Amino acid sequence: NVKSSVVSVDGPAAAGKTTTSLAVAEIFDMKYLESGRAYRVLAYEALRSGVDPTDPKKMVALCSKISRGDRVSELLGLNRYTAGELRSLAVGRTVSKVAGIAELRRRVTNSVHIWAAGNRRSIVEGRDIGTVVFPTAVPKFYLTASAETRARRRLAQEGSGSLKEVFEDVVRRDRADTTRSASPLVPASDAIIIDTTELSIEQVVDRMAEACGASGLA
Ligand code: CDP
Ligand code: CDP
């Protein structure tokens, strides 16, 4: 029975979580999971099948259909879904509504636990990883940057929509994610907070790698 260790990375949209987590995963030979994919899968399937994304009962039924009780990888979006499907503006507009439903959060959390238990060490990215999903994660990172910077980064990355549209999506999701009652986005009390507004990707990765090393990862 191998004990699995988890590093958590939380923060608002386009703070650099995915890019830096992948680099840190490479350095320390960790498995990587983007937990936001699960909420995007739920939003995408709701839009596709015409289910009201704010209706908890219907969304939980849809979730059961997707994961069919125990198929963790389907709900986590590890197969089948393309970036184009999961990262469309329509999904961006819907995902935070879906992510406010407490029972869906419990199911996603459960799937992430099952996934992580299968790995010796992993780095998991999202909004509530250090606070709710893995409160014992070490180290915990909270990445942030000004909303303007994050909107510009996302626009450069995806190249679709106008700066105004992307900025509005980012700000709307930040507001929804930080103000919801079920596991709101907030730094864990023991999180290392990195404001990346003025930092390059390399500088952020260096700081994260240093903290991982200091926590005994090698
Ligand atoms: O890549 P980006 O940070 O823009 O978004 P994401 O990680 O794909 O997450 C999309 C949405 O899923 C977020 O805006 C949250 O509403 C939700 N989410 C969450 O509630 N909890 C998580 N652990 C991960 C994502
Ligand atoms: O996962 P999250 O939504 O937090 O952000 P991301 O998808 O990793 O990063 C959004 C974009 O910002 C990517 O194109 C990165 O290359 C870029 N970027 C960054 O992540 N960190 C910086 N310090 C500068 C740019």
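Above this note sits the structure.
First things first, this report covers the structure right here in the doc. (Residues numbered from 1 in each chain as written. Chains lettered and ligands numbered in written order. Predicted model: local features only at pLDDT ≥ 70, side-chain atom pairs only at ≥ 80, totals over all residues. Heavy atoms only, no water.)

Comments concerning the packing of helix α2 (residues 36-49) against helix α7 (residues 102-117)
Then step 1. Packing of α2 against α7 leaves a shortest axis separation of 10 Å and a crossing angle of 130 degrees. Classified by the angle between their axes, α2 and α7 sit oblique to one another. Crossing geometry of α2 relative to α7 is assigned as right-handed. Counting all contacts with α2, which are made through Ala38, Tyr39 and Leu42, the residues of α7 involved are Leu104, Arg105 and Val108.
Then step 2. Taken together, the residues of the contact of α2 with α7 sort by class into five nonpolar, no polar and one charged. (Axes fitted to C-alpha atoms, helices over the stretch in contact; angles between N-to-C directions. Helix = DSSP H or I, 4+ residues; strand = E, 2+ residues; numbered from the N terminus. Parallel < 35°, antiparallel > 145°, perpendicular 65-115°, else oblique. Left-handed = near helix turned anticlockwise from the far one by under 90°. Contact = heavy atoms within 4.5 Å. Nonpolar A, V, L, I, M, F, W, Y, C, P; charged D, E, K, R; others polar.)

Quick word on the pattern of salt bridges
Then step 1. Enumeration according to the criterion identifies 17 salt bridges in this entry.
Then step 2. Between Arg105 and Asp128 there is a salt bridge; the shortest N-O distance is 2.9 Å. Of the two residues, Arg105 is situated in helix α7 and Asp128 in the loop between β3 (121-126) and α8 (129-133); the sequence distance between them amounts to 23 residues. The same class applies to Arg105 and to Asp128, which are both buried.
Then step 3. The network of salt bridges with shared partners includes Glu45, Arg48, Glu74 and Arg80. (Salt bridge = Lys/Arg side-chain N within 4 Å of Asp/Glu carboxyl O. Buried < 20%, exposed > 50% of the residue type's maximum accessible area, 1.4 Å probe, protein only.)

Notes on helix α1 (residues 17-28)
Then step 1. Spanning 12 residues, α1 covers 16 Å between terminal C-alpha atoms, matching the ideal 16 Å at 1.5 Å per step.
Then step 2. Here α1 has its buried residues at Lys17, Thr20, Ser21, Val24, Ala25 and Phe28. The buried residues of α1 occupy one face: seen down the axis, they fall within an arc of 140 degrees.
Then step 3. Next to the buried residues of α1 lie β1 (5-10), β2 (31-34), β3, β4 (140-144) and α11 (201-214).
Then step 4. One or two steps after α1, the chain reaches Asp29, where phi turns positive at roughly 55 degrees. (Expected span 1.5 Å × (residues − 1). Arc of directions from axis to C-beta.)

As for unusual backbone geometry
Then step 1. Pro139 follows Val138 through a cis peptide bond whose omega is -15 degrees.
Then step 2. Within the secondary structure, Pro139 is located in the loop between α8 and β4.
Then step 3. In the Ramachandran plot, Asp29 falls in the positive-phi region, its phi being about 55 degrees despite a non-glycine side chain.
Then step 4. Tracing the chain through its elements places Asp29 in the loop between α1 and β2.
Then step 5. Positive phi, normally seen in glycine, also occurs at Arg80, with a value near 80 degrees.
Then step 6. Relative to the assigned elements, Arg80 resides in the loop between α4 (72-75) and α5 (83-86).
Then step 7. Classification of Arg80 as exposed rests on a relative accessible area of 55%.

Concerning the sheet that holds β1
Then step 1. In space, the five strands of this open sheet follow the order β2-β3-β1-β4-β5, with parallel pairing throughout. One side of each edge strand has no neighbouring strand; the edge strands of this open sheet are β2 and β5 (192-195). Strand-to-strand, the axes of this sheet are offset by a mean angle of 20 degrees, without reference to chain direction.
Then step 2. Bridge count between β4 and β5: four bridges; the pairing is parallel. For Leu143, the partnering residue across the bridge sits in β5 and is Ile194.
Then step 3. Across the face of the sheet, α11 comes into contact with β1, β4 and β5 while running at roughly 165 degrees to β4. (Pairing = 2+ DSSP bridges.)

A short note on the packing of aromatic side chains
Then step 1. Under the criterion given, the structure shown has one aromatic pair.
Then step 2. With a centroid separation of 5.8 Å and an interplanar angle of 85 degrees, the aromatic rings of Tyr44 and Tyr81 are classed as edge-to-face. Placement of the pair is Tyr44 in helix α2 and Tyr81 in the loop between α4 and α5, with a sequence separation of 37 residues.
Then step 3. Judged by relative accessible area, which is 17%, Tyr44 ranks as buried.
Then step 4. On the basis of relative accessibility, which here comes to 8%, the residue Tyr81 falls in the buried class. (Phe/Tyr/Trp six-rings, centres within 6.5 Å; stacked < 30°, edge-to-face > 60°.)

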